[in-house]
Amino acid sequence: MSLRFTYLLLFATIFSFSQNLKTPIDTVVTTTHSTTIKGKAVNYKAMTGFQPVWNTDGEVMASLYYTYYKRTNDNKGNKRPLIVSFNGGPGSASVWMHIAYTGPKVLNVDDDGYPIQPYGVKSNPNSILDVADIVFVNPVNTGYSRKVMLKNGKYEDDKTFFGINADAKYLASWINTFVTRNNRWESPKYIIGESYGGTRVMGLALELQNSQWMYLNGVIMVSPADYKVLRVGGPVSSSLNLPYYTAAAWYHKMLPSQLQSKDLLDILPEAEDFAVNKLMPAIAKGGFISDNERKAIAKKMSYYSGLSEDVILKQNLDVPNRFFWKELLRDKTGQTIGRLDSRYIGIDRVETGTSPDYSAELTSWLHSFTPAINYYIQNELEFKTDLKYNVFGNVGNWDRNNDNVRDNLRQAMAQNPYLKVLTQSGYYDGATTYFQAKYSQWQVDPSGKMKDRFYFKGYRSGHMMYLRNEDLIKANDDLREFIKNSAANGKAAKY
């Protein structure tokens, strides 16, 4: 190699590293597409790019990456329903529902959601794009969304973005800008959030009303995380997990024959009743429960969970989810079951221990999602960038203080007679269990005066129920039905 070539190579290397990787502030790429949904042709535009968020001084403090799908071959135009879609984490990109649930493309996976090579996407004949336009939003540090340097050379403080209330505040402002720019103020509006996104949309419902004067027709929570019960321990949180144990044990054929021979939906009401009326007060008694009652509860827990009475007694009736994932199949196959979807099976280094080495389902899903979203954005949406797509991004020490989102949702509903709520949960979800989601609904409105405006739908799959093809079809149809049922149809917003 000549000395001249060496110098040229060194110069080129230094030059390439001197180029700062910058976040686009305000840009969009538009492509046109056509697909078939429910047997009918749907033409649409896909607009993907960045829209800024401003601070109180009017400076751009962040730029959020989004993808907006707008149907073009119907007669409703900008009066079509609009759904703003978030995932959770916090710190998760809006990739999961985007290319696996409601969007016009879904992953190449088998009918149960397991990855297939070659990775990629295919048309989604079940997408709700036939009845509503959708925008998928990536909060700061997820997807391509990033903070932007201020004029003083610094960045906005993390606390502006990374917390329950801060998150709702800046995202509500972003939604206002989006709705204004895209002339969607006349549209019936919905927000949908998965996992932590459930907390997010409960908070957003009131923030949009109080700060942006934007009133919604619907709030949709997919496998919602409610931090009033999630991982807090105690009699309520612990006992609410029991019906999920029943579902997972039923799937793996670990229940007694009296239960195993019945359909899942026939046995879950029994487990729910036991959890609320027997197990919850028993755990509440702690060490002062009588020996006879402790043994009777352990026997019934064993009946509904597939775990042994001995193991349950050693856990003092309070069985952690992580222990259940490790224990259920320990003596049968020595395998673990998945956290987010307990249909999935894992293999640990040793069979002993109190929790699995890894989440079998998540590693399986990342096989499919990461290559697919990167391919899809670059090649089909034609958006080019050197930024890394953060499937999971760093959101620092998330501030969960002053968590009043349940009451925020209640207040939003009280102020807005149009507003209805749909919860969708998978029975095999061990992270945000379906019965916790039901309980959270019960707690939103203690008066019971609005309970006819809440809807719950359960599915025979896990956290991302839509990965199972049968539930992909059913869950999207449930969304269509909810949009129809929450339409104003000319009625005034009054009690």
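Residues numbered from 1 in each chain as written. Predicted model: local features only at pLDDT ≥ 70, side-chain atom pairs only at ≥ 80, totals over all residues. Heavy atoms only, no water.

- Within an unreviewed UniProt entry, the label attached to the protein reads Carboxypeptidase, and the organism entered is Winogradskyella haliclonae.

1. Concerning the pairing of strand β2 (residues 40-54)
Phase 1 of the analysis: Relative to β2, strand β1 (residues 27-37) is paired through 11 bridges, and the arrangement is antiparallel. Of the residues in β2, the one forming a bridge with Thr 27 is Phe 50.
Phase 2 of the analysis: The loop that links β1 with its antiparallel partner β2 comprises two residues; one of these, Lys 38, has a positive phi angle of about 55 degrees.
Phase 3 of the analysis: Relative to strand β3 (residues 60-71), β2 is paired through 11 bridges, and the arrangement is antiparallel. Looking at the pairing, Thr 48 lines up with Thr 67 of β3. (Pairing = 2+ DSSP bridges. Helix = DSSP H or I, 4+ residues; strand = E, 2+ residues; numbered from the N terminus.)

2. Details of the packing of helix α7 (residues 264-284) against helix α8 (residues 291-305)
Phase 1 of the analysis: Here α7 crosses α8 at 155 degrees, and the two axes come no closer than 11 Å. It follows that α7 is roughly antiparallel to α8 by the angle criterion. Along this stretch, α7 crosses α8, giving a crossing that reads as left-handed. Residues Glu 270, Ala 271, Phe 274, Lys 278, Leu 279 and Ala 282 of α7 touch α8, and the partners they reach there are Glu 293, Ile 297, Lys 300, Met 301 and Tyr 304.
Phase 2 of the analysis: When grouped by side-chain class, the residues that make up the contact of α7 with α8 number seven nonpolar, no polar and four charged. (Axes fitted to C-alpha atoms, helices over the stretch in contact; angles between N-to-C directions. Parallel < 35°, antiparallel > 145°, perpendicular 65-115°, else oblique. Left-handed = near helix turned anticlockwise from the far one by under 90°. Contact = heavy atoms within 4.5 Å. Nonpolar A, V, L, I, M, F, W, Y, C, P; charged D, E, K, R; others polar.)

3. Some thoughts on the pattern of salt bridges
Phase 1 of the analysis: Here the structure, examined in full by the defined rule, presents 25 salt bridges.
Phase 2 of the analysis: Of the charged contacts in the structure, one is a salt bridge between Asp 471 and Arg 468, with a shortest N-O distance of 2.9 Å.
Phase 3 of the analysis: Each of Lys 38, Asp 130, Asp 477 and Arg 480 takes part in a single network of salt bridges with overlapping partners. (Salt bridge = Lys/Arg side-chain N within 4 Å of Asp/Glu carboxyl O.)

4. Re the side chain of His 463
Phase 1 of the analysis: In this structure, His 463 sits in the loop between β14 (454-459) and α14 (469-485).
Phase 2 of the analysis: Here Thr 432 takes part through its side chain, which lies 3.2 Å from a polar atom of the side chain of His 463.
Phase 3 of the analysis: In this view, His 463 contacts Glu 194, Ser 195, Ser 223, Leu 340, Asp 429 and Thr 432; residues no more than four positions away in its chain are not counted. (Polar contact = N/O pair within 3.5 Å; in protein donor to acceptor, adjacent residues only side chain to side chain.)

5. Considerations on the side chain of Asn 124
Phase 1 of the analysis: Within the secondary structure, Asn 124 sits in the loop between β6 (121-123) and β7 (133-137).
Phase 2 of the analysis: The class of Asn 124 is buried, set by a relative accessible area of 0%.
Phase 3 of the analysis: Of the polar contacts made by the side chain of Asn 124, one reaches the backbone oxygen of Tyr 101; its length is 2.9 Å.
Phase 4 of the analysis: Aside from chain neighbours lying at most four places away, what touches Asn 124 is Thr 36, Ile 37, Tyr 101, Thr 102, Gly 103, Pro 104, Lys 105, Val 106 and Leu 472. (Buried < 20%, exposed > 50% of the residue type's maximum accessible area, 1.4 Å probe, protein only.)

6. Side note on helix α11 (residues 360-380)
Phase 1 of the analysis: For α11, which comprises 21 residues, the first-to-last C-alpha distance of 30 Å matches the rise-based estimate of 30 Å (1.5 Å per residue) to within 8%.
Phase 2 of the analysis: When the local axis directions of α11 are compared, the greatest deviation, roughly 30 degrees, occurs at Leu 366.
Phase 3 of the analysis: The complete set of buried residues in α11 reads Ala 360, Glu 361, Ser 364, Trp 365, Ser 368, Phe 369, Ala 372, Ile 373, Tyr 376 and Ile 377.
Phase 4 of the analysis: The inward-facing, buried residues of α11 contact β3, β5 (105-107), β6 and β12 (345-346).
Phase 5 of the analysis: Phi turns positive, to about 60 degrees, at Glu 382, one or two residues after α11. (Expected span 1.5 Å × (residues − 1). Bend = angle between axes of the 7 residues up to and from the residue.)

7. With respect to the packing of aromatic side chains
Given two aromatic rings, their pairing is described by the distance between the two centres and the angle made by the two planes.
Phase 1 of the analysis: Enumeration according to the criterion identifies 34 aromatic pairs in this entry.
Phase 2 of the analysis: Here Tyr 44 and Tyr 69 contribute two aromatic rings whose centre-to-centre distance is 5.9 Å and whose plane-to-plane angle is 70 degrees, an arrangement assigned as edge-to-face. Here Tyr 69 lies in strand β3 and Tyr 44 lies in strand β2, a separation of 25 residues in the sequence. Taken as a pair, Tyr 44 and Tyr 69 share a single burial class, namely buried.
Phase 3 of the analysis: Ring centres of Tyr 427 and Tyr 434 lie 5.0 Å apart, and the angle between their planes is 85 degrees; on these two criteria the pair is classed as edge-to-face. Per residue, the accessibility class of Tyr 427 equals that of Tyr 434, and both read buried.
Phase 4 of the analysis: An aromatic cluster of three or more residues is present, and its members are Phe 161, Phe 162, Tyr 170, Tyr 196, Tyr 227 and Trp 398.
Phase 5 of the analysis: Sitting over the ring of Tyr 227, Arg 400 keeps its end group 4.2 Å from the ring centre. (Phe/Tyr/Trp six-rings, centres within 6.5 Å; stacked < 30°, edge-to-face > 60°. Lys NZ or Arg CZ within 6 Å of the ring centre and 35° of its normal.)

8. Overview of the nonpolar core
Phase 1 of the analysis: Within the largest apolar cluster, 55 residues are counted, with the highest numbers of intra-cluster contacts made by Val 95, Phe 369 and Tyr 466.
Phase 2 of the analysis: Those elements giving two or more residues to this core turn out to be β2, β3, β5, β7, β9 (189-194), β10 (218-222), α11 and α14.
Phase 3 of the analysis: Looking at this core, the element that brings in the most residues is α11, giving seven residues.
Phase 4 of the analysis: Apart from the residues within four sequence positions on either side, Tyr 466 is in contact with Trp 96, Met 97, Ala 100, Tyr 101, Glu 194, Asp 471 and Leu 472.
Phase 5 of the analysis: Counting 51 residues, the second largest nonpolar core, distinct from the first, contains Met 47, Val 84, Ile 191 and Ala 225. (Core = buried A, V, L, I, M, F, W, Y, C linked by side-chain atoms within 4.5 Å.)

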